[in-house]
Amino acid sequence: EQTRVQRVKLFFELYQGQLNINALTREIAEREVRAALASRARSCCRRQPAPALPNLLRLRIGAVRGLRRSGTKPFCVVRARGVALLTTIGTLVGGAEGSGGEWVFDAEMLLRVSDPSTVLHV
């Protein structure tokens, strides 16, 4: 099924300093996380308060394959909400530099996030 639309105007509205769609996405994500945490906290005998939302994200950067450019030492950058985390330079495993071998990082990063709808850029 297809819909064809011509002469479209998009209006981006702000609510409390952020785009409406961002606020909606954040609210949906927070409710889903709260519901999941509340269902884990329930017991058969008594009702416990829902735990606080998690605020620490653990990222594991493993490896990358197929880099054809030689003469450079690859590293990985993860960005989220103005914070940038960098790995150390990868270690080449299996193959010569520029041949598309695998570069292993085996790095773990911890990122504090207060918003469950945070987008990661790698």
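What you see is a predicted model, and the numbers here were worked out from it, not measured in a lab. (Residues numbered from 1 in each chain as written. Predicted model: local features only at pLDDT ≥ 70, side-chain atom pairs only at ≥ 80, totals over all residues. Heavy atoms only, no water.)

1. As for the overall build of the chain
For the record, the criterion: By the criteria applied, helices consist of DSSP H or I runs no shorter than four residues and strands consist of E runs no shorter than two, each listed in order from the N terminus. The contact definition used throughout considers only heavy atoms, calling two residues in contact when any of these lie within 4.5 Å. Using a 1.4 Å probe, the Shrake-Rupley method yields the accessible areas, and only the shown protein chains count as cover for residues.
Helices and strands together make up the secondary structure of the chain, namely one helix and seven strands. Counted over contacts in the chain with a minimum sequence separation of 6, partners at least 24 positions apart contribute 61%. Accessible surface for the chain amounts to roughly 10,100 Å². Of this, 52% is attributable to carbon and sulfur atoms.

2. Some words on the sheet that holds strand 7 (residues 102-112)
We apply this condition: At least two bridges found by DSSP between two strands is the condition for calling them paired. To get an axis, a line is fitted to the C-alpha atoms, and for a helix only the part in contact is used. The angle between two axes follows their N-to-C directions and goes from 0 to 180 degrees.
Here three strands make up an open sheet; going across it, the order is 3-7-6 and the pairing antiparallel. The sheet is open, and its two borders are formed by strand 3 (56-65) and strand 6 (91-93), each paired with just one other strand. Strand after strand, the sheet turns through a mean of 25 degrees between neighbouring axes, direction not considered. With nine bridges connecting them, strand 3 and strand 7 associate as antiparallel partners. From the neighbouring strand, Leu59 faces strand 7, where its bridge partner is Met109.

3. Overview of the side chain of Thr118
The line we're drawing: What qualifies as a polar contact is a pair of N or O atoms within 3.5 Å, subject to a donor-acceptor requirement within protein and to the restriction that residues adjacent in sequence count only when both atoms come from side chains.
Along the chain, Thr118 turns up in the segment after strand 7. Side chain to side chain, Thr118 and Arg81 meet in a polar contact 3.2 Å long. If we ignore the near neighbours within four places in the chain, the residues touching Thr118 are Ala80, Arg81 and Val113.

4. Looking at a nonpolar patch on the surface
Cut-off, in case you're wondering: The patches described consist of residues with a relative accessible area above 30% and no salt bridge, like charges being joined within 9 Å and nonpolar side chains (Val, Leu, Ile, Met, Phe, Trp, Tyr) within 5 Å. Each reported salt bridge corresponds to a side-chain nitrogen of Lys or Arg within 4 Å of a carboxyl oxygen of Asp or Glu.
Residues Ile21, Leu24 and Ile28 make up a contiguous nonpolar surface patch of about 280 Å² in total accessible area. Along the polypeptide, Ile21 turns up in helix 1 (residues 20-41).

5. Some words on the pairing of strand 5 (residues 83-86)
Pairing analysis gives four bridges linking strand 4 (residues 77-80) to strand 5, with the strands arranged antiparallel. Bridge pairing in strand 5 places Arg79 opposite Ala84. Where strand 4 hands over to strand 5, the hairpin turn is made up of two residues, of which Arg81 adopts a positive phi near 50 degrees.

6. What about the nonpolar core?
Under the convention used in this document: Buried residues of nine kinds, namely Ala, Val, Leu, Ile, Met, Phe, Trp, Tyr and Cys, make up a nonpolar core once their side-chain atoms join them within 4.5 Å. For each residue, the accessible area found with a 1.4 Å probe, counting protein chains only, is set against the maximum for its type, and the residue is called buried under 20%, exposed over 50%, and partly exposed in between.
Counting seven residues, the largest nonpolar core is built from Leu59, Ile61, Cys76, Val78, Phe105, Ala107 and Met109. In terms of residue count, strand 7 provides more of this core than any other element does, three residues in total. With sequence-adjacent residues up to four places away left out, Ile61 is seen in contact with Cys76, Val78, Thr87, Phe105, Asp106, Ala107 and Met109.

7. So, unusual backbone geometry
Excluding glycine, residues mostly carry a negative phi; peptide bonds, for their part, are mostly trans. Here the phi dihedral of Arg81 falls at roughly 50 degrees; this positive angle occurs in a residue that is not glycine. Positionally, Arg81 belongs in the loop between strand 4 and strand 5. For Arg81, a relative accessible area of 54% corresponds to the exposed category. With phi around 45 degrees, Asp106 is a residue other than glycine that occupies positive phi space. Of note, Asp106 is situated in strand 7.

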